[in-house]
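# Architecture and fold: a report
Single-letter residue listing:
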Amino acid sequence: MYRRTYYATHPDMMECVSNQGLRDRYLISELFGPGECRLAYTHAERFVIGGLAIDTAPVPLPDQTEPISVAGRPFLERRELGIFNVSAVGGIVSVDGERFVLAPKDCLYVGMGAREVLFSGEGARFYLASTPAHRRCETRKLGIADARAMVRGSAEASSARRIHQFILPGICDSAQLAMGLTILEPGSVWNTTPPHIHERRSEIYFYFDLNDAERDRVFHYMGQGEATRHLVMRNEEAVISPPWSIHMGAGTSAYAFIWAMAGENQDYEDMNLLDICQLV
Ligand SMILES: O=C(O)C(=O)C[C@H](O)C(=O)CO
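In what follows, the accompanying structure is described. (Residues numbered from 1 in each chain as written. Predicted model: local features only at pLDDT ≥ 70, side-chain atom pairs only at ≥ 80, totals over all residues.)

## With respect to the overall build of the protein chain
Stated precisely, the cut-off is as follows: In DSSP terms, a helix is any run of H or I states spanning at least four residues, a strand is any run of E spanning at least two, and both are numbered starting from the N terminus. With C-alpha atoms as the basis for the radius of gyration, the globule rule is written as 2.2 Å multiplied by the number of residues raised to the power 0.38. Any residue pair is listed as a contact if its two C-beta atoms, each placed from the backbone, are within 7 Å.
Looking only at helices and strands, the protein chain has one helix and 24 strands in total. Relative to the 2.2 N^0.38 estimate, which gives 19 Å for 280 residues, the radius of gyration of the protein chain is 18 Å and therefore close to what a compact globule would have. C-alpha extents for the protein chain along the principal axes are approximately 50 × 40 × 35 Å. Within the protein chain, contacts between residues at least 6 apart in sequence are counted, and of these 71% link residues at least 24 apart.

Dropping the structure here:
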């Protein structure tokens, strides 16, 4: 059921790795195919990352297939799920018969134990991030007005942006998943300045809404502060950030991105900030 498995990596593995090697280890591409639910499995906090593009017919979240002892049981038997509508049209997600209409950039948190998750809405595209869960939290739809907004950066530094926290304690409870949406102001291109690492959490960025979906790119920086590397990313690609790695980017246009974190805590502020001058 998974198109690819991404393994955990050690910072030493960044040395001498080719650009292609870097992409193979961290970049999640080709997330969308018409009428398909595409899923990738990562050993980073056991995240499952997915993309779902609706053609005409509804598409279900698949049941588990492995191991044999759980084959046929619901995907969310022991997981929770965050869903964002990343398209320009409305979409619908039905959870055990309850219908949620998601406008562009709306989010749906689905708690552990949901049995049937069905996606529909011609032309809608959904981005999915799922992590293991140890408790059931309430399924909830959140619009951008429900999120906690933080204004960061400045136009002078080309980093003016709004961080919208959607799935975090006090906004929408979850077992461990944290998710949000950051939107760059027109003319700004830098995200996550100053950069940071968080040893107790892994993070996955999904870049979308680049001005020109074909030609614009985001240069995403990763690695330890003293040994940074970059990946050139296209619209609607995701990148895994291990706990030892910074994660920041600069685009050739403004853009938006969804961040998803999981790990030992849900304290958004648990970050070691690095000064730009520390980066090499
Ligand atoms: O632009 C930013 O700054 C962010 O969106 C930062 C992310 O929320 C993040 O990296 C949280 O760890």
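## A short note on the sheet that holds strand 10 (residues 117-120)
What counts, and what does not: Here the rule is simple: two strands pair whenever DSSP picks up at least two bridges between them.
Spatially, 5-10-7-8 is the arrangement adopted by the four strands of the open sheet, whose pairing is antiparallel. Of all the strands in the sheet, just strand 5 (59-60) and strand 8 (98-102) have a single pairing partner and so form its edges.

## Some details on unusual backbone geometry
Glycine aside, negative phi is the norm for most residues, and most peptide bonds take the trans geometry. Here the residue pair Glu66 and Pro67 is connected by a cis peptide bond, since its omega of -10 degrees sits within 30 degrees of zero. In this structure, Pro67 sits in the loop between strand 5 and strand 6 (79-85). Positive phi is not limited to glycine here, since Asp96 has a value of about 50 degrees. Examined against the element boundaries, Asp96 turns out to sit in the loop between strand 7 (91-95) and strand 8. One non-glycine residue, Lys105, lies in positive phi territory at about 75 degrees.

## Let's talk about the site of the ligand
Definition in use: Any residue whose C-beta atom, as set from the backbone, lies within 6 Å of a molecule or strand is reported as near that molecule or strand. Any residue outside Ala, Val, Leu, Ile, Met, Phe, Trp, Tyr, Cys, Pro, Asp, Glu, Lys and Arg is labelled polar, Gly included; the first ten of those are nonpolar and the last four are charged.
Neighbouring the ligand are the residues Arg152, Arg161, Ile163, Gly180, Thr182, Asn191, Thr192, Glu203, His247, Trp259, Met261 and Met271. Contributing elements (two or more residues each) for the shell around the ligand: strand 14 (161-167), strand 15 (178-184) and strand 23 (256-263). Of the residues belonging to the shell around the ligand, the class tally is four nonpolar, five polar and three charged.

## So, the sheet that holds strand 16 (residues 190-191)
Pairing in this open sheet of four strands is antiparallel, and the strands run 16-22-19-20 from one edge to the other. Lying at the two open borders of the sheet, with one neighbouring strand each, are strand 16 and strand 20 (229-233).

## Examining the pairing of strand 14
Consecutive side chains of a regular strand alternate in pointing toward one face of the sheet and then the other. Basically, it comes down to this: Backbone-placed C-beta atoms define the burial measure: a residue is buried with 20 or more other C-beta atoms within 10 Å of its own, exposed with 12 or fewer, and partly exposed in between.
A large share of strand 14 lies buried, amounting to five of its seven residues. When strand 13 (residues 148-152) meets strand 14, the two strands line up antiparallel, connected through five bridges. Bridge assignment links Arg148 to a residue of strand 14, and that residue is Gln165. Bridging between strand 14 and strand 15 involves six bridges; their strand directions are antiparallel. When the bridges of strand 15 are listed, Ile167 appears paired with Met179.

## Considering the pairing of strand 20
One ladder, built from five bridges, connects strand 19 (residues 218-223) with strand 20; its direction is antiparallel. Bridge pairing in strand 20 links His220 to Leu231. The loop that links strand 19 with its antiparallel partner strand 20 comprises five residues.

## Here's the deal with the nonpolar core
One broad trend across soluble globular proteins is that nonpolar side chains are buried collectively. Cut-off, in case you're wondering: Nonpolar core, as used here: buried Ala, Val, Leu, Ile, Met, Phe, Trp, Tyr and Cys residues forming one set through C-beta atoms within 7 Å.
Membership of the largest hydrophobic core comes to 72 residues, with the highest contact counts inside it found for Met179 and Ile204. The dominant element in this core, judged by the number of residues it contributes, is strand 23, at seven residues. Ignoring sequence-local partners within four residues, the contact set of Met179 consists of Gly82, Cys107, Ala129, Phe166, Ile167, Ile258, Trp259 and Ala260.

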